[in-house]
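Breakdown of the fold
Each chain, written out:
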Amino acid sequence: MTEALLYRLSQLTRRERTLLAVLLVVCLPLAAVFGLIVPLQEARRAAEAEVADARALRAWVETQAAALPPEAFRQAPQDAETAGTGPIGISGIEQTLVAAGLRPGIDRLANRRGGGIEIAFQPLRFDAFTGWLDAASRDWGYDIAALRVERAETPGHVTAELVLEPRR
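A brief look at the structure comes next. Note that the coordinates shown come from a computational prediction; the quantities given were computed from them, not determined experimentally.

Cut-offs and rules
- For every chain, the first residue of the written sequence is number 1, and numbering continues from 1 onward in sequence order.
- Only residues with pLDDT of 70 or above have their local features reported here, since the model is predicted, and side-chain atom pairs are shown and tallied only from 80 upward, although totals for entire chains, interfaces and linings are computed over all residues.
- Working from all heavy atoms in the structure, the side-chain values ignore hydrogens and water.
- When a carboxyl oxygen of Asp or Glu is within 4 Å of a side-chain nitrogen of Lys or Arg, the pair counts as a salt bridge.
- Only runs of H or I of at least four residues qualify as helices and only runs of E of at least two qualify as strands under DSSP, and these elements are numbered from the N terminus.
- For the exposure calls, accessible area comes from a 1.4 Å probe over protein chains only, and a residue counts as buried if that area is under 20% of its type's maximum, exposed if over 50%, partly exposed in between.
- Like charges within 9 Å and nonpolar side chains (Val, Leu, Ile, Met, Phe, Trp, Tyr) within 5 Å are joined into patches, using only residues over 30% in relative accessible area that form no salt bridge.
- Throughout, the Shrake-Rupley method with a 1.4 Å probe supplies accessible areas, and for residues the shown protein chains are the sole cover considered.
- Between any two strands, at least two bridges found by DSSP are needed for them to pair.
- Classification of ring pairs rests on two measures: the distance between centres of Phe, Tyr or Trp rings, Trp counted by its six-membered ring, which must be within 6.5 Å, and the angle between planes, read as stacked under 30 degrees, edge-to-face over 60 and tilted in between.

As for the pattern of salt bridges
Counted by the stated rule, this structure contains 7 salt bridges. The shortest N-O distance in the salt bridge between Arg44 and Glu48 comes to 3.0 Å. One end of the pair is Arg44 and the other is Glu48, both in helix α2 (residues 14-67) and 4 residues apart, which spans about a single turn. By relative accessible area, which is 57% here, Arg44 ends up exposed. With a relative accessible area of 44%, Glu48 lands in the partly exposed category. Here Arg58 makes a salt bridge to Glu62, at a shortest N to O gap of 3.1 Å. Note that Arg58 and Glu62 are positioned in helix α2 at a spacing of 4 residues, about one turn of the helix. Here Glu62 falls in the partly exposed class, since its relative accessible area comes to 45%. Salt bridges sharing common partners tie together Arg108, Arg112 and Glu118.

Some words on a nonpolar patch on the surface
On the surface, Val22, Val25, Val26, Leu30, Val33, Phe34, Leu36 and Ile37 cluster together to form a nonpolar patch covering roughly 730 Å² of accessible area. Relative to the helices and strands, Ile37 is located in helix α2. With relative accessibility at 42%, the residue Ile37 sits in the partly exposed group.

Description of the pairing of strand β2 (residues 117-125)
Where strand β1 (residues 106-111) and β2 come together, 5 bridges link them in antiparallel fashion. The residue bridging Asn111 from the neighbouring strand is Ile117, located in β2. Pairing between β2 and strand β4 (residues 157-166): 7 bridges, direction antiparallel. If you follow Glu118 over to β4, its bridge partner there is Val163.

Considerations on the packing of aromatic side chains
On inspection of all chains with the given rule, the structure shows 4 aromatic pairs. Geometrically, the ring pair formed by Trp60 and Phe126 is edge-to-face, given 4.9 Å between the ring centres and 65° between the ring planes. Here the residue Trp60 occupies a position in helix α2, and Phe126 occupies one in helix α5 (residues 126-136), the gap between them amounting to 66 residues. Each member of the pair, Trp60 as well as Phe126, carries the same accessibility label: buried. Where Phe129 meets Trp132, the ring centres are 6.2 Å apart and the plane angle is 40°; that geometry is what we call tilted. Here Phe129 pairs with Trp132, and both are found in helix α5, just 3 residues apart, close to one helical turn. Look at Trp132 and you get buried, because its relative accessible area is 4%. Here a set of aromatic residues connected by ring pairs shows up, and it is made of Phe121, Phe129 and Trp132.

Rendered as structure tokens:
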């Protein structure tokens with residue numbers, strides 16, 4: 001193959017070989033810039049934007065939390081009935097969502113391997129979500145393994161994802 005390439009190059013005139021060499025010297029760096037560097041810069045800008053959004057969300061959540069009375073953060077004591085109960089399961093979680101009026105706003109409600117539950121919410125009112133979470137979470141028999149809350153476009157609304165794992 002290299003012999004065929006060398007033969008073809010030898011068939012070119014000196015001027016054509018010079019133009020080909022200039023073309024390679026100019027195009028290879030441009031290919032590196034547009035093929036590697038520009039996408040990396042765009043990815044960095046996107047990551048910086050996500051960090052800025054996360055910081056803004058954190059500031060917003062902190063201001064929302066500051067507006068709540070201190071007693072809203074006190075842990076309610078568990079009574080003897082709820083302390084020893086096992087996980088209520090996906091249908092029990094769904095019943096608490098229905099009771100809170102949040103069931104229509106669910107994107108995903110699914111069992112996970114190992115007995116956990118995943119819940120993803122469409123945009124919903126922040127106070128409705130936190131009220132449901134505070135009121136129902138003590139009775140579930142699950143611990144919150146992961147919680148992601150993001151500000152939605154509508155003021156006072158958020159999207160949320162929640163992963164629950166059975167209490168041990």
